[in-house]
Amino acid sequence: MGPAPEGADAPEPSAGVAAEVPEGAEAAVEAPAAPTEGDAAVEASPPPPEPSPAPTSVTTEASAASTAGTAPAEEPPAAPAAAVQAPAAPEESRGGAGVSAHNTRITTIGGPEVSNDGWRMDFHGFVSAPLRFGMGRRADPQVGQARTTFHAPIIPDDQYLGWQHTAHAKRSWAELYLGYGNDVAKAVVALQAWNFSDVSYGNPNAQLGVGQAFVSITPKLRRSPVQLRVKIGGHDNRYGMAGKHDQGAYETYIFGRTRYLGESIGVDIPFRDFRFTVDHGFGGTPLDPNIFNSARFTLTAHHHVGMAWKDKVDLGLHHIVAFAQSEAHDESLDPDLPDGNVQIFGPDLRLDFGRGGYWYLGYSYANLKTARVVGPSVEVLHSFGGGYYDLGLIGNYFDYRRDAEGYLIRDSEGTGSIQTIMFQTNHSLHEIIAGEDGFWGEGWDVKLALYGMMNFVNSDVDATNGVRKMKFGADLMAEVLPYMGIGAKFDQVMPNNQVRQQTWSVLSPRLEFRTDWIAHETITIQYSRYIYAERDCGAVADPLQCVQPPSASIQGEGYGALGSAEDSYRGAPLAPPDENVFAIMASIYW
């Protein structure tokens, strides 16, 4: 079975995270060889840049969830939900009267906190450095070859910008946020990278360099508790994350992470125990000039309203539209593509009941109209825009067939819709016993997270029209000693309800080590067991009747990646996907 094209574009902090839970990852990659000749509408999608792990944003003091209701905080991306197990910070006024550190936010924006004691430098960051390897077996070992093999993991959830992503085997990621300013104005520059070149190989596309650079203004209004927020430059905003302090278990957004050069304006209006928030933004994303990328210059506008009550209820309504209507470019392979747009809207609700646990529920409706030209100005539902290589919504939800070289055949014109329901709930046994104000994480605990996502696809391609995608899981963690915890995570992934052979699951027991009950660092030793309904695609006549690689495989080692002698690069090992994967991971945020 052939791989999908590679790819993902550059810097992209994924999900807002609270001080306790940084996370990180994103990626870029070089475009692969040209597709076969033929009608642009049916040609195989070319290899795009290759994405890495999902990026995130660290909220240095307050918990920040991109749902609705409260003002966004300006802080750096951080590690995914599981990166750090830390409790919420105690209440602390911030950003205007009535703002509590517990308040969730309509969005979380990358960048460090600004101190209120005058102009100064700030430095924040996050590092995740995992060793990951899979174990396989040679069917017919030759002289000098062992039967057991070890290699980079060949797994279906390895692509962050792929629907099957589960965050069981995270890739490397590092980000540094440098800020200069005061409590009113500041500038922030973000340096980001994955695939550390000195201990791996030199991949210039993985060294993202300056991923974001922007100026933010938070003027103080006399005699008014109203807080105004203005941000201009290259930045992001995040909406629809399921986690309490981060992106959530699946590290994605059901409304979108806007990523552009432009402006964002927000107003927070406190009234007694309520906080009303209005957010607006507008910006543009330049095109990636690779001829295999159909996406063009894209403009994005977004609008959000939210209402929060104390620290308990946070309700938001969201609307994002990304559209492209640029001329065809010189040497375009598909110059006659029509203008297109992607519109996403819907509500989400966040509840935090202390003993009753944390709950998130969101619904989004994504409507696509000839969206192959829509670029990665919005990251939504594990996808970059509409037709950004095969990493967009079209590649992840509409197209499905592959050519002889393993690339997706572009059957879809990019017209259809995706309805999504996402939920997550988190519970703490110690908090249930001691109460919300009686436990701040300094002691033993047993934590349980339950989560899931379901997508209903309406497509212009018969084979994917009416498809239902669903994945769900649980994460149990027992923190038994100040320096050690024992946990296990399970996920069931069903990419296509009409093709049961594509279903698979993964169970990952782990040990976590740290220096205290509450710490910035985590060291994890993990084993993952993958279980497939049909693992070996070589054993079936129809290449769709087995576990599928992501729509765009990670070049050189990702499941489904093919090599090219003409372009002088190798593909993934010639073996079925791994059943056994091991990892030793270290992460820290500051």
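In this report, the structure presented in the accompanying data block is examined. Sequence positions are assigned chain by chain, starting from 1 and proceeding in written order. Thresholds applied to this predicted model are a pLDDT of at least 70 for local features of residues and 80 or more for the giving and counting of side-chain atom pairs; totals over whole chains, interfaces and linings are not thresholded and use all residues. Where side-chain values are given, they derive from all heavy atoms of the structure, hydrogens and water being excluded.

Quick word on the overall build of the chain
Consideration 1: Only DSSP runs of H or I with at least four residues qualify as helices, and only runs of E with at least two residues qualify as strands; both kinds are numbered from the N terminus onward. The helix and strand tally for the chain stands at 2 helices and 23 strands.
Consideration 2: Throughout this description, buried means an accessible area under 20% of the type-specific maximum (1.4 Å probe, protein chains only), exposed means over 50%, and partly exposed covers the range between. Across the 590 residues of the chain, 59% fall into the buried class.
Consideration 3: Contacts are residue-level and defined by heavy atoms, with any inter-residue pair within 4.5 Å sufficient. For the chain, restricting intrachain contacts to residue pairs at least 6 apart in sequence, the fraction spanning at least 24 positions comes to 69%.
Consideration 4: Accessible surface is estimated by sampling points in the Shrake-Rupley manner with a 1.4 Å probe; for residues, cover comes only from the protein chains shown. Just so you have it, the chain exposes about 22,000 Å², and 60% of that area is on carbon and sulfur atoms.

Some details on the packing of aromatic side chains
Consideration 1: By convention, a stacked pair of Phe, Tyr or Trp rings (six-membered ring in the case of Trp) has centres within 6.5 Å and planes under 30 degrees apart, an edge-to-face pair has planes over 60 apart, and any other such pair is tilted. Inspection of every chain in the model, using the stated rule, returns 12 aromatic pairs.
Consideration 2: Judged by centre distance (4.9 Å) and plane angle (85 degrees), the ring pair of Y388 and Y389 falls under edge-to-face.
Consideration 3: A relative accessible area of 2% places Y388 in the buried class.
Consideration 4: Any Lys NZ or Arg CZ found within 6 Å of a ring centre and within 35 degrees of that ring's normal is scored as a charge over the ring. One Lys or Arg, R259, reaches over the ring of F384 and ends 4.3 Å from the middle of that ring.
Consideration 5: The side chain of K471 reaches across the aromatic face of Y250, ending 4.4 Å from its centre.

Structural notes on the pairing of strand β20 (residues 484-494)
Look at any regular strand and the pattern is simple: side chains alternate between the two faces of the sheet.
Consideration 1: Where burial is concerned, most of β20 is hidden: 8 out of the 11 residues are buried.
Consideration 2: What makes two strands pair is DSSP finding at least two bridges between them. The pairing of strand β19 (residues 468-481) with β20 spans 11 bridges and is antiparallel. Bridging from a neighbouring strand, E479 pairs with G485 of β20.
Consideration 3: The antiparallel hairpin formed by β19 and β20 contains 2 residues in its connecting segment.
Consideration 4: Where β20 and strand β21 (residues 504-513) come together, 10 bridges link them in antiparallel fashion. Paired with V493 across the bridge in β21 is W504.

A few points about the environment of S553
Consideration 1: Residue placement: S553 occurs in the loop between β22 (521-532) and β23 (580-589).
Consideration 2: According to the relative accessible area criterion, S553 is buried, its value standing at 0%.
Consideration 3: Here the alpha-carbon distance between S553 and L391, two residues 162 residues apart in the chain, equals 9.4 Å.

Examining the nonpolar core
Consideration 1: Buried residues of nine kinds, namely Ala, Val, Leu, Ile, Met, Phe, Trp, Tyr and Cys, make up a nonpolar core once their side-chain atoms join them within 4.5 Å. Ranked by internal contacts, the top residues of the largest apolar core, which has 43 residues, are L368, L381, L393, Y397, I418 and Y530.
Consideration 2: Those residues in contact with Y530 that sit more than four places away from it in its chain are I155, P156, D157, H168, A169, W504, S505, V506, D578, E579 and V581.
Consideration 3: Formed by 11 residues, the second largest nonpolar core is a distinct cluster that contains Y160, Y253, Y389 and L391.

Details of the pattern of salt bridges
Consideration 1: Here, a salt bridge means any Lys or Arg side-chain nitrogen found within 4 Å of an Asp or Glu carboxyl oxygen. The tally for this structure, following the rule as stated, stands at 18 salt bridges.
Consideration 2: Close ionic contact of E379 with R257 constitutes a salt bridge, the shortest N to O distance being 3.1 Å. Of this pair, E379 sits in strand β15 (residues 378-380) while R257 sits in strand β9 (residues 256-271), and the two are 122 residues apart along the sequence.
Consideration 3: Looking at E379, the relative accessible area reads 1%, which means it is buried.
Consideration 4: The salt bridge partner of E479 is K447, with a shortest N-O separation of 3.5 Å.

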